[in-house]
Amino acid sequence: MHAETWHNVPPSLPLWQRAVQGAQRHLRSTAAVLVLVLVLLPFLWMLQMAFRPAGDALSLDLVFSPTLEAFAGLWQDNFARSFGNSLLVSVLSTGLSLLLGVPAAYALSRWRFKQRRQVALWVLCTRMAPPIAFTIPFFLAFRWLGLLDSVWGLVLVYLTFNLAIVIWMMQGFFEAIPTALEEAAWMDGCSIWSAFWHVTLPLTRPGLVATAVLCFIFSWSDFFFALILTRTQAVTAPVAIVNFLQYDGWEWTKIAAAGTMVMLPVLLFTVLVRKYLVHGLTAGGVKD
Amino acid sequence: MPPTASLDAGPAGDLPLAGEAKGKRTPAATTLNWQRESARAYGLGLAPALVVLAAITLLPLITLVVVSLTPLSLTDPAATFHFGQPTGNYAQLLQDQRFLDSLWVQAKLSSVGVLLQLLVGLGLALLLHGESRLLAGLRTFFLIPMVLPPIVVALVWKIIYTPDISPLHALLEQWGWPVRSLIANPDTALWAIVAADVWQWFPFTMLMVLAQLQMVPRDPVDAARIDGANRWQVFVYIVLPYLQRTLVVCALFRLIDSFKAFPLLYVLTNGGPGTVTEVTNFYGFIQAFNFSYWGYGSAIAVVMLAIIFVLSALVSRLGKNRGDAHAR
């Protein structure tokens with residue numbers, strides 16, 4: 001990894017020229033900060049709205065005394081229930097994806113069988129397919145099975161993308177671990193899976209955490225599936241927001257507060273897995 | 001490098017020991033045994049995931065295609081297994097002006113959106129590329145739009161585009177240039193969506209380009225600078241060629257994803273005004289879930305799948321040729 005970059009100042013330049021370039025670098029930082037503020041402005045606007053008193057929502061005054069009124073109002077509107085649904089669905093689907101996906105990823109990383117490439121490709125393809133192609137069959141099947149508007153239905157649907165993420169990401173992490181340690185464990189009489197459990201898996205713990213967090217984020221953020229496959233019981237937080245938009249007569253502070261609640265866990269988690277984010281988002285396609 | 005010779009041959013190569021310790025089998029037989037044993041173990045690990053994956057991807061796909069061959073709708077449950085006119089839905093698609101319009105809207109949204117995302121992402125990557133601590137720290141904050149749940153992005157822009165409460169509209173009014181809601185105006189609605197979409201997704205290109213910029217070798221750049229090339233020339237003739245493939249892969253990725261755009265459309269314009277922002281995905285959604293024409297909606301989904309399949313094949317071909325690792 002070279003930290004030095006193509007536009008950096010060669011150290012051999014005379015002092016005055018280096019000073020000029022240093023100034024230019026500060027210019028660059030200043031510009032970057034300005035652009036950042038500009039880019040985040042729409043987002044920050046929503047954030048400040050969430051803390052306004054309800055009567056003050058439409059005001060453009062930047063000075064106001066922040067209040068948690070809107071959040072309290074959300075609580076009364078049973079938003080907590082949708083929030084709980086979101087948590088439950090995301091945790092369950094993440095857990096199930098790891099349970100099924102991690103062993104599969106390990107097998108794919110260590111076992112050279114003939115159809116390996118095709119299997120990997122098939123797993124990756126699920127990332128590309130448009131959700132509508134899944135929702136129609138799932139909707140019809142769920143209507144028949146009585147799974148519409150149920151938490152388990154959503155958990156099942158989220159497996160379509162989470163399983164692919166787990167298999168794809170974990171495969172990469174396993175391949176980065178040398179096999180020598182496992183082989184030593186085998187020689188000591190460990191079975192393949194006990195060597196995996198005691199030797200390999202602990203080594204990939206950071207990767208495992210990152211993968212779990214990404215699964216959580218993707219399940220948490222889904223809007224499309226939840227909109228179509230839930231009605232009242234299993235409504236998740238993103239869908240509940242839209243219901244605010246439709247029925248609550250534009251209580252903007254509340255809507256902004258709900259948005260803030262929904263993005264909070266995602267923002268926190270993102271800081272944790274920043275490094276692996278692109279990995280997860282580009283799952284498929286570029287990987288050979 | 002640790003000794004990984006056994007990676008390709010399976011662990012059998014240098015591991016005859018598991019059975020040999022018992023002193024009963026010849027090494028060759030043990031090797032075979034171990035191979036069989038490991039294959040069984042790996043198979044057991046892989047099987048549950050593949051079975052579940054088949055159930056939740058292949059079955060729906062087959063169902064989708066089968067349903068697309070029937071006139072299944074809410075009003076006509078008897079049509080479930082009606083295959084009298086298997087290509088009826090597809091024939092109808094070709095004559096459905098609203099569907100054809102939706103393809104055109106999709107083309108406009110995707111092409112302009114992806115192009116702008118590339119430009120903005122590339123520009124910001126170049127701005128943020130450097131070894132200063134501050135710049136490195138700022139990068140993270142630029143990722144916010146991309147990681148926000150899509151519904152929150154839609155909400156943010158709903159606020160921006162709603163004149164009563166929008167700081168944008170307030171500013172424009174103050175400058176003596178009041179405009180009516182951008183998303184209610186047929187001339188601007190699609191471009192308002194594109195703007196929000198670009199805001200959400202430029203960080204993707206930015207991230208990928210930043211990763212690639214770190215791999216640009218120093219030597220040719222230094223050589224060019226010594227030969228008197230200015231910054232612009234270095235960028236165009238040396239850096240840009242290194243970024244070329246990354247940019248193409250980014251574009252294809254975003255193109256594929258742009259076919260799935262939903263929350264922005266649903267919350268901001270709901271396909272309107274009229275049908276000016278109704279993309280193919282949205283039209284399929286309406287046919288299936290608003291009008292309950294599942295057969296017809298499925299046919300639309302199948303067409304989209306076909307388009308995406310072609311694009312994905314392109315991506316994976318490009319990915320394969322990339323000698324260096326994919327962007328991380």
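Rules used in this analysis
- Along each chain, the written sequence defines residue order, and numbers are assigned to residues from 1.
- Whichever chain is written first becomes A and whichever ligand is written first becomes 1, with later ones labelled in order.
- Residue-level local features of this predicted model are given only where pLDDT is at least 70; pairs of side-chain atoms are given and counted only at 80 or more, and the full residue set underlies all totals for whole chains, interfaces and linings.
- Note: side-chain values were computed over all heavy atoms of the structure, leaving out hydrogens and water.
- To qualify as a helix, a DSSP run of H or I must reach at least 4 residues; to qualify as a strand, a run of E must reach at least 2; elements of each kind are numbered from the N terminus.
- Only protein chains enter the calculation, and the probe is 1.4 Å; a residue is then buried if its accessible area is under 20% of its type maximum, exposed if over 50%, and partly exposed in between.
- Contacts between residues were defined by any pair of non-hydrogen atoms, one from each residue, lying within 4.5 Å.
- Accessible surface is estimated by sampling points in the Shrake-Rupley manner with a 1.4 Å probe; for residues, cover comes only from the protein chains shown.
- UniProt positions are given in the numbering used here, feature names are shortened, and annotations may be inferred rather than shown by experiment.
- A quick way to say it: buried area is the sum, across both parts, of accessible area lost when two parts are put together, with a 1.4 Å probe.
- Just to be clear on terms, a salt bridge is a Lys or Arg side-chain nitrogen sitting within 4 Å of an Asp or Glu carboxyl oxygen.
- Any pair of nitrogen or oxygen atoms within 3.5 Å is treated as a polar contact; in protein, a donor-acceptor pairing is required on top of that, and neighbouring residues in sequence qualify only through side-chain atoms on both sides.
- When the centres of two rings from Phe, Tyr and Trp lie within 6.5 Å, Trp using its six-membered ring, the rings pair. Their planes under 30 degrees apart give stacked, over 60 give edge-to-face, and anything left gives tilted.
- Residues grouped as a nonpolar core are buried Ala, Val, Leu, Ile, Met, Phe, Trp, Tyr and Cys residues, joined through side-chain atoms within 4.5 Å.
- pLDDT measures the predictor's confidence residue by residue and takes values from 0 up to 100.
- Expected span of a helix: the number of residues minus one, times 1.5 Å.
- At every residue, the bend is computed as the angle between two fitted axes, covering the seven residues ending there and the seven beginning there respectively.
- Axis lines are fitted through C-alpha atoms, for helices just across the contact stretch, and the angle between N-to-C directions can take any value from 0 to 180 degrees.
- Roughly parallel here means an angle under 35 degrees, roughly antiparallel means over 145, roughly perpendicular means 65 to 115, and every remaining angle is called oblique.
- Left-handed is the label given to a crossing in which the near helix is rotated counterclockwise from the far helix by less than a right angle, and right-handed is the label when the rotation is clockwise.
- Just so you know the grouping, Ala, Val, Leu, Ile, Met, Phe, Trp, Tyr, Cys and Pro go in nonpolar, Asp, Glu, Lys and Arg go in charged, and all remaining residues, Gly too, go in polar.

As a further point, take the overall build of chain B. Helix and strand counts for chain B come out as 15 helices and zero strands. Here chain B holds 328 residues, and the buried ones make up 51% of them. Restricting the contact set of chain B to residue pairs at least 6 apart, pairs at least 24 apart contribute 66%. Accessible surface, chain B: about 15,100 Å² in total, of which carbon and sulfur atoms supply 64%.

A count of helical and extended segments in chain A gives 13 helices and zero strands. Helices (α) and strands (β) of chain A occur, in sequence order from the N terminus, as α-α-α-α-α-α-α-α-α-α-α-α-α. Across the 288 residues of chain A, 57% fall into the buried class. Considering only contacts within chain A whose residues lie at least 6 apart along the sequence, 76% involve residues at least 24 apart.

Residue and element names in this part refer to chain B. In this structure, Trp191 sits in helix α10 (residues 189-213). In the structure, Trp191 is positioned 120 residues away from Pro71 in sequence and 35 Å away in space, judged by C-alpha atoms. Not counting the four nearest positions on each side in its chain, Trp191 is found in contact with Lys108 and Val112.

Residue and element names in this part refer to chain B. Here, the residues flagged by UniProt with the feature "transmembrane region" (unreviewed entry) are residues 41-67, 109-128, 140-160, 189-213, 234-256 and 293-315. When the span residues 41-67 is considered, its composition is 100% helix and 0% strand, and the gap between its end C-alpha atoms is 39 Å. Along residues 140-160 the backbone is 86% helical and 0% strand, and the end-to-end C-alpha distance reaches 23 Å.

Looking now at the interface of chain A and chain B. Each partner contributes to the interface: chain A provides 101 residues, whereas chain B provides 112 residues. Summed over both sides, the interface of chain A with chain B buries roughly 9,600 Å², with 79% coming from carbon and sulfur. Here chain A and chain B share zero salt bridges between them. Across the chain A-chain B interface, the total number found is eight residue pairs in polar contact (both at pLDDT 80 or more).

Turning our eyes to something else, we now look at the packing of aromatic side chains. One pair of aromatic rings is described through two measures. These are the centre distance and the angle between the planes. Summed over all chains, the structure comprises 35 aromatic pairs over all chains. A connected cluster of aromatic rings, assembled from ring pairs, spans Phe139, Tyr158, Phe161, Phe223, Phe224 and Phe225 of chain A together with Phe262, Tyr266, Phe282, Phe285, Phe289 and Trp294 of chain B.

Bringing the nonpolar core into the picture now. Within the largest apolar cluster, 189 residues are counted, with the highest numbers of intra-cluster contacts made by Phe79 of chain A together with Phe142, Trp157, Met206, Tyr266, Phe285 and Trp294 of chain B. If you tally residues by element for this core, the top one is helix α6 (residues 151-175) of chain A, at 17 residues. Each residue touching Met206 of chain B, except ones within four places of it in the same chain, is listed here: Gly121, Leu124, Ala125, Leu128, Arg139, Phe142 and Leu143 of chain B. By size, the runner-up hydrophobic cluster in this structure holds six residues, among which are Tyr283, Tyr296, Ala299 and Ile300 of chain B.

This paragraph deals with the environment of Phe79 of chain A. Residues and elements named next belong to chain A. Along the chain, the position of Phe79 falls in helix α3 (residues 79-110). Phe79 sits in the buried class, given a relative accessible area of 3%. In contact with Phe79, not counting residues within four places along its chain, are Leu74, Ala237, Ala240, Ile241, Phe244, Ala258, Met261 and Val262.

The next thing to look at is the side chain of Arg28 of chain A. For Arg28 of chain A, the location among the structural elements is in helix α1 (residues 15-50). You can call Arg28 of chain A buried: its relative accessible area is 15%. In terms of polar contacts, Arg28 of chain A uses its side chain to reach the backbone carbonyl oxygen of Leu127 of chain B, at 2.7 Å. Of note is the side chain of Arg28 of chain A, whose polar atom sits 3.2 Å from the backbone oxygen of His129 of chain B.

Here the structure, examined in full by the defined rule, presents seven salt bridges over all chains. Among the salt bridges present, the one from Arg110 of chain A reaches Glu182 of chain A, with a minimum N-O distance of 2.7 Å. Placement of the pair is Arg110 of chain A in helix α3 and Glu182 of chain A in helix α7 (residues 180-187), with a sequence separation of 72 residues. Accessibility classification places Arg110 of chain A together with Glu182 of chain A in one group, the buried group. When the shortest N-O distance is used, the salt bridge between Lys260 of chain B and Asp257 of chain B registers 3.3 Å. No difference in accessibility class separates Lys260 of chain B from Asp257 of chain B, as the two residues are buried. Because the salt bridges share partners, they merge into one network encompassing Arg254, Asp257 and Lys260 of chain B.

What follows covers the confidence of the model for chain B. Low pLDDT marks stretches whose predicted atomic positions should not be read closely. All names here are of chain B. Taken as a whole, chain B shows an average pLDDT of 84; of its residues, 87% reach a score of 70 or greater. Across chain B, the element-wise mean pLDDT spans from 40 in helix α1 (residues 6-9) up to 95 in helix α5 (residues 97-128). In the model, residues 1-24 has pLDDT below 50 throughout and makes 29 contacts with residues more than four positions away in sequence or in other chains. The low-confidence segment residues 322-328 (pLDDT under 50) makes 17 contacts with residues lying over four places distant or belonging to another chain. For this predicted complex, the interface confidence reaches an ipTM of 0.86, while the overall pTM sits at 0.85.

So, about helix α12 (residues 252-273) of chain A. Since one α-helical turn is 3.6 residues long, residues separated by three or four positions face the same way. With 22 residues, α12 of chain A should cover 32 Å at 1.5 Å per step; its first-to-last C-alpha distance of 32 Å lies within 8% of that length. In the structure, α12 of chain A departs most strongly from a straight axis at Met263 of chain A, where the bend amounts to approximately 35 degrees and where the proline Pro265 of chain A lies between one and four residues downstream.

Residues and elements named next belong to chain B. Of the consecutive residues Gly272 and Pro273, the connecting peptide bond is found in the cis state with omega at -5 degrees. For Pro273, the location among the structural elements is in the loop between α13 (263-268) and α14 (280-290). Unlike most non-glycine residues, Asn270 shows phi in positive territory, near 55 degrees. Within the secondary structure, Asn270 is located in the loop between α13 and α14. Phi is positive for Ser292, close to 60 degrees, though the residue is something other than glycine. Tracing the chain through its elements places Ser292 in the loop between α14 and α15 (294-321).

Our next topic: the packing of α3 of chain A against α6 of chain A. Residue and element names in this part refer to chain A. At a minimum axis distance of 6 Å, the contact between α3 and α6 shows a crossing angle of 40 degrees. Between α3 and α6, the angle is such that the two are oblique. Note that α3 runs across α6; the crossing there is right-handed. Here the residues of the contact of α3 with α6 sort into 22 nonpolar, eight polar and two charged.

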